[in-house]
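Architecture and fold: a report
Now for the letters of each chain:
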Amino acid sequence: MQGPKRPEGWIFVAQRVAIIGAGPSGMAQLRAFEAARQAGKDVPEVVCYEKQDDWGGQWNYNWRTGIDEFGEPVHSSMYRNLWSNGPKEALEFSDYSFDEHFGRPISSYPPRPVLWDYIDGRMAQSGLKEQVHFCHAVRWVHFSEQSQKFTVVVDDLSAGTSKTEEFDHVVVGSGHFSFPNVPDFAGIETFHGTLHHAHDFRGAEKLADQDVLLIGASYSAEDIGVQAFKMGARSVTLSYRSGPMGYDWPTGMQEVPLIERFEGQIVHFVDGTSRHVDAVILCTGYLHKYPFLPADVALNSPNNVYPDGLYRGVVSDVNEKLFYLGAQDQWFTFNMFDAQAWYVRDVILGQTQLPSAQERTEHMRRWRESFLAIDGDADEVRFQADYIRDLLEATDYPPFDVDEVVEIFLAWKEDKQKNILTYRDKTYRSVKTGTMAATHHTPWLRELDDSLERYLSTPEVDPLEEMVDGDVQEAGR
């Protein structure tokens, strides 16, 4: 990688950067360094370690659950028939549009294979895959105060070998949706139906004609619940702890309060009601867990939009050479990871100087106060928008209309409140290109083929199907 010609006598000490994980966050960091290289800047040697056999992180679907072919915990929580649960216009890369990738408008809510194709396409022409070591699991990261370097121990899972390497900086991009939070409930050991966490959920087809209980009141419960309804579940019950999601659920879906106890397949709730269920899915969230980091430097935070201990949401307060991407709870996703990666890159390259430890602490204190003042989803969206705007002002990442994305998120929330089953049929305008999204050829509730080929096709419309489209639109009202 050649940069500008260096002055005579100038000594350049090559730095090495380790990126842990090649999901959207790790991919963003690779892309950030590549953008700097293309701009003629000297960039360090970058090595990315990815435990899975391809990049994409959660978007890289794996049918396996529990343990993979190497005896490792399965990373991905992705299920087969997932469709985006937020408008693609809110996550569009600022330097690579959906129009550029697909060559035509597509709908606002693509299925998983389409989004994977988009993030893969952005990277495919760059040659960056050569920097990724797939099927490599990072086992341990140790920082030496004496050498000011990290020692990283890595296992090559395919070859069955181990190696130890030194790096000047480490970027943790492994995400925080892989280690499930599994609470206990009285009598749950007596339940003899199917029981698993959303992390191990791979498809709703098997829930047809079953009474399904989902424990949780966030996105996993919401989405798996409507997927189960779509695939023909007899009933769907959603149990909440703090408060209901409050959507206008269709007949056959209902929210109830917290579970009191299980008695076999009869579940009792704290409001005194009970019901028989065939399948239980724990939609109870995930843990921040970094088994490759010592406890004193590993991020330890609840899942929220402003984790403690990260300056500007990315720089470890314990070690300023250690960075995290995507550690926040997320409204914004791909474009936020990019903004973070561009900032981390500039810190590593020395283009952005970190303030003193005292100044960083004061900066985090002010943001923490704003975070604690958040009152509801709209405030949270605007808080994260302000956070991203702060990063954009500090970097040369191509700007995008953050305020317009906020409006898209707020409209999306309203669409879901109006009809939880049909909001994915709505369309939005790209904040990058101005292109209005296309209407998908089949309403989401009737679309049972989630493949890229089906999505991009133009199927012939059956007149009888056109007649029932109105019924689909009214479902759940």
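Shown above is the structure to which this text applies.
Before going into details, it helps to say that this report is about the structure given with it. What you see is a predicted model, and the numbers here were worked out from it, not measured in a lab. (Residues numbered from 1 in each chain as written. Predicted model: local features only at pLDDT ≥ 70, side-chain atom pairs only at ≥ 80, totals over all residues. Heavy atoms only, no water.)

A positive phi is found at C135, a non-glycine position, where the angle reads about 55°. Of note in the backbone geometry, Q148 takes a positive phi value of approximately 60° without being a glycine. Structurally, the position occupied by Q148 is in the loop between strand 4 (136-144) and strand 5 (149-156). (Helix = DSSP H or I, 4+ residues; strand = E, 2+ residues; numbered from the N terminus.)

With that settled, consider the sheet that holds strand 6 (residues 161-167). Here three strands make up an open sheet; going across it, the order is 4-5-6 and the pairing antiparallel. Only two strands of the sheet have a single neighbouring strand rather than two, namely strand 4 and strand 6. The average undirected angle you get between the axes of adjacent strands in this sheet is 20°. Here strand 5 runs beside strand 6; their pairing, made up of seven bridges, is antiparallel. By the bridge assignment for strand 6, T151 is matched with E166. (Pairing = 2+ DSSP bridges. Axes fitted to C-alpha atoms, helices over the stretch in contact; angles between N-to-C directions.)

A few words on the packing of aromatic side chains. Scanning all chains against the criterion turns up 29 aromatic pairs. Judged by centre distance (6.3 Å) and plane angle (85°), the rings of W367 and Y387 are edge-to-face. Residue W367 is found in helix 6 (residues 357-372), and its partner Y387 is found in helix 7 (residues 377-393); the two are separated by 20 residues along the sequence. Summarising the burial analysis for this pair, W367 and Y387 share the class buried. Within the aromatic cluster, the residues linked to one another by ring pairs are W59, F93, Y96, F98, F102, Y118 and F334. In this structure, R122 is placed above the aromatic ring of F93, and the distance from its NZ or CZ to the ring centre is 3.9 Å. It is K416 that lies over the ring of Y423; its NZ or CZ is 5.6 Å from the centre. (Phe/Tyr/Trp six-rings, centres within 6.5 Å; stacked < 30°, edge-to-face > 60°. Buried < 20%, exposed > 50% of the residue type's maximum accessible area, 1.4 Å probe, protein only. Lys NZ or Arg CZ within 6 Å of the ring centre and 35° of its normal.)

A large share of strand 1 (residues 16-20) lies buried, amounting to five of its five residues. Judged by which residues are buried, strand 1 turns out to be covered on both faces: R16, A18 and I20 on one side and V17 and I19 on the other are all buried. With five bridges joining them, strand 1 and strand 2 (residues 45-50) adopt parallel strand pairing. By the bridge assignment for strand 2, I20 is matched with Y49. Running through helix 1 (residues 24-38), the crossover from strand 1 to the neighbouring parallel element strand 2 is right-handed. Pairing geometry for strand 1 and strand 7 (residues 169-172), over four bridges, is parallel. Bridging across to strand 7, A18 finds its partner in V170. (Right-handed = clockwise from strand over helix to strand, strands pointing away.)

Next up on the list: the pairing of strand 12 (residues 259-263). In this sheet, strand 13 (residues 266-269) lies alongside strand 12 in antiparallel orientation, the contact comprising four bridges. Looking across to strand 13, one finds that F262 is bridged to V267. Linking two consecutive strands that pair antiparallel, namely strand 12 and strand 13, is a turn of two residues; a positive phi of about 65° is found at G264 within it.

This part takes up the packing of helix 1 against helix 5 (residues 334-349). At their nearest, the axes of helix 1 and helix 5 sit 8 Å apart, and the two run at 50° to each other. Judged on the interaxial angle alone, helix 5 and helix 1 are oblique. Helix 5 is crossed by helix 1, and the crossing has right-handed handedness. Listed contacts from helix 5 to P24, S25, A28, Q29, R31, A32, F33, A35 and A36 of helix 1 are F334, F337, D338, A341, W342, V344, R345, I348 and L349. (Parallel < 35°, antiparallel > 145°, perpendicular 65-115°, else oblique. Left-handed = near helix turned anticlockwise from the far one by under 90°. Contact = heavy atoms within 4.5 Å.)

Honestly, that's just the spatial picture; any functional story needs more than this.
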